[in-house]
Amino acid sequence: DPQPGAITMLSVLILGAAGAHDRSAPPSSLSRSRVLQHQQQSTRGDALATVQCLRGGGGDKCDVILVGCGVPKRGMGWYHAKQMLDGDVPSATLTTVVEPWFLGQGKDSPPGQTFGVWAEEMSKAHGTKFCASLDEVSINGPTMALISGRTADNPRLLKEVIDLGCTAVYLEKPGAPTVKELEEMRAYANSKGVPVFMGYNKNVTPYVRKALEEAKKRPGSTTTYIHNNAYTEAELPECFERNAEGLLKNMAIHELALLATYWGVTVDTIESVTPDADFSRCLTLKGPSGETFTDFSKAGFTIATKEGQQITLLIDRCGSDAGGNSVAIVSQDGGEVFRSETPDEELIQTVEAAAKADPDMMPYFFLQSDDYQVLKELTTSHVLQGKPGAPEGIATLDVAIDALKLAEYLTPTLQEALAVAK
């Protein structure tokens, strides 16, 4: 069963809001409906109280400094900025955007010029400060730094924003290239009393939460997480090279974070790993550079924990021909009893319509818009209220470290098992 207490108050927000969600709303209001429509429509007192609490109560806002923005309609940092500037995150005010490249050496490049036009518009409309360096940033009151740049820069940036006086830090996954760096970052943040939240969006996605609720009701059940990308066989060499850290540290890291967050799975709590040799494929391919890369095109395995839980992962880079999907299945006594999936048909139609209306926007922004909004709302509200630790269900550096350790442990384990199976 999932860990006790791991799915209570947050489930009320995610599941209730998903039910109230208006898929016909224009893209700009998609994410805010997760919280705001739920507040308007819910008749359950506990859900209403939860949302009111998450909005920060007295109307105060948590300041947010975005470090690393990227090109409008392409960069993940830019989309975070857009949601906050559009008012989709009730507890957040984006005060400052730090963009070293497009406000520095890349200023005169075509994408830099595009960024400059957008930055000027946002500065006039919202009073947001845009600067090239953290040296130009000032802190006034509760402030969360949202770091959305290159993973390799995160260890340095984390220390810099903490030294600047930020109250909390939000990092995109996986946080850092190695376990050692993540552990050093955790030690520094802990020494300064600064919480660090991780942007693992599947932790708050409705299909995951619904399956967790179902598994909680069914002692002795097993859960399977399926994650399909839409690469073709011909695209795998480039995929292997671009994601050279490997499938488990890249594509599967979201599912490994789920195991660490909700199931208490760590390297130390694993009783056994049973590879699915028939499902899995490990290949050595020559990338565009001419170098060779060995990785999984797909990997399947079941983890049994020392507490008797069983969780199966089926991760396939080429498992979809329609943009990718994720599924959570709860089984009992050998039969499937529950299944939830993202995207569902309504979301597919919404994303297709939004992408058609704005073809320059990265499609996955529309697909995961609600998740990003919920992550930022939960974390900024938490900071605003001065609560210790992390919001329920939000991944921390502890989870990031456990997930990366799982990836490093499982990769050779699965490779060896497949070699024996051949």
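Read on for a plain summary of the structure.

Our focus in this paragraph is the overall build of the protein. Helix and strand counts for the protein stand at 14 helices and 13 strands. The 422 residues of the protein split such that 52% are buried. Taking as baseline every contact in the protein between residues at least 6 positions apart, the subset at least 24 positions apart corresponds to 76%. Accessible surface for the protein amounts to roughly 17,900 Å². Of this, 49% is attributable to carbon and sulfur atoms.

Right, let's talk about the packing of aromatic side chains for a bit. Under the definition given, this model contains nine aromatic pairs. With centroids separated by 4.8 Å and ring planes inclined at 65°, the aromatic side chains of tyrosine 364 and phenylalanine 365 adopt a geometry described as edge-to-face. Assessed through its relative accessible area of 30%, tyrosine 364 is described here as partly exposed. On the basis of relative accessibility, which here comes to 0%, the residue phenylalanine 365 falls in the buried class.

On to the pairing of strand β11 (residues 310-316). Of all the seven residues making up β11, six are buried; the element is thus mostly covered by neighbouring parts of the structure. Judged from the six bridges that link them, strand β7 (residues 222-228) and β11 form a sheet pairing that is parallel. Along β11, the bridge assignment pairs histidine 227 with isoleucine 315. Of the strand pairs in this sheet, strand β10 (residues 292-305) and β11 are connected by seven bridges, and their pairing is antiparallel. Residue pairing in the sheet places glycine 300 in a bridge with leucine 314 of β11. Connecting β10 to the antiparallel partner β11 that follows it, the hairpin turn spans four residues, and glycine 308 within it adopts a positive phi of roughly 95°.

Once that is clear, we can look at helix α11 (residues 345-357). Helix length check: α11, at 13 residues, gives a terminal C-alpha distance of 18 Å against a target of 18 Å (1.5 Å per residue), a fit within 8%. Burial in α11 covers these residues: Leu347, Thr350, Val351 and Ala354. Each buried residue of α11 sits inside an arc of 95° when the element is viewed along its axis, so together they form one side. When the buried face of α11 is taken as reference, the exposed residues oriented beyond 90 degrees from it are Glu345, Gln349, Glu352 and Lys356. On its buried side, α11 packs onto β13 (335-342) and α12 (363-367).

Strand order in the open sheet formed by six strands is β3-β2-β1-β4-β5-β6, with parallel pairing between adjacent strands. The two strands at the open ends of the sheet, each matched to only one other strand, are β3 (129-131) and β6 (196-198). The average undirected angle you get between the axes of adjacent strands in this sheet is 25°. The pairing of strand β4 (residues 143-147) with strand β5 (residues 168-171) spans four bridges and is classified as parallel. When the bridges of β5 are listed, leucine 146 appears paired with tyrosine 170. Along the sheet face, helix α4 (residues 76-85) touches β1 (62-67), β2 (92-98), β4 and β5 and points at about 145° away from the line of β2.

This next bit is on the packing of helix α10 (residues 253-262) against helix α14 (residues 397-421). For any two helices packed against each other, one specifies the crossing angle of their axes together with the interaxial distance. Direction vectors running N to C along α10 and α14 enclose 120°, while the axes themselves pass 8 Å from each other. As summarised for this structure, α10 and α14 are arranged oblique, according to the angle between their axes. When you trace α10 past α14, the crossing you get is right-handed. Two secondary-structure elements touch here, α10 through Ile253, Leu256, Ala257, Ala260 and Thr261 and α14 through Val399, Asp402, Ala403, Leu404, Leu406, Ala407 and Leu410. Per-class residue counts for the contact of α10 with α14 are ten nonpolar, one polar and one charged.

Relative to the assigned elements, glycine 335 resides in strand β13. Residue glycine 335 is classed as partly exposed on the basis of its relative accessible area of 26%. A sequence separation of 113 residues divides glycine 335 from threonine 222, and the C-alpha atoms of the two residues are 9.9 Å apart.

The rules behind the values
- Residues numbered from 1 in each chain as written.
- Predicted model: local features only at pLDDT ≥ 70, side-chain atom pairs only at ≥ 80, totals over all residues.
- Heavy atoms only, no water.
- Helix = DSSP H or I, 4+ residues; strand = E, 2+ residues; numbered from the N terminus.
- Buried < 20%, exposed > 50% of the residue type's maximum accessible area, 1.4 Å probe, protein only.
- Contact = heavy atoms within 4.5 Å.
- Areas by Shrake-Rupley, 256 points an atom, 1.4 Å probe, with all protein chains shown as cover.
- Phe/Tyr/Trp six-rings, centres within 6.5 Å; stacked < 30°, edge-to-face > 60°.
- Pairing = 2+ DSSP bridges.
- Expected span 1.5 Å × (residues − 1).
- Arc of directions from axis to C-beta.
- Axes fitted to C-alpha atoms, helices over the stretch in contact; angles between N-to-C directions.
- Parallel < 35°, antiparallel > 145°, perpendicular 65-115°, else oblique.
- Left-handed = near helix turned anticlockwise from the far one by under 90°.
- Nonpolar A, V, L, I, M, F, W, Y, C, P; charged D, E, K, R; others polar.

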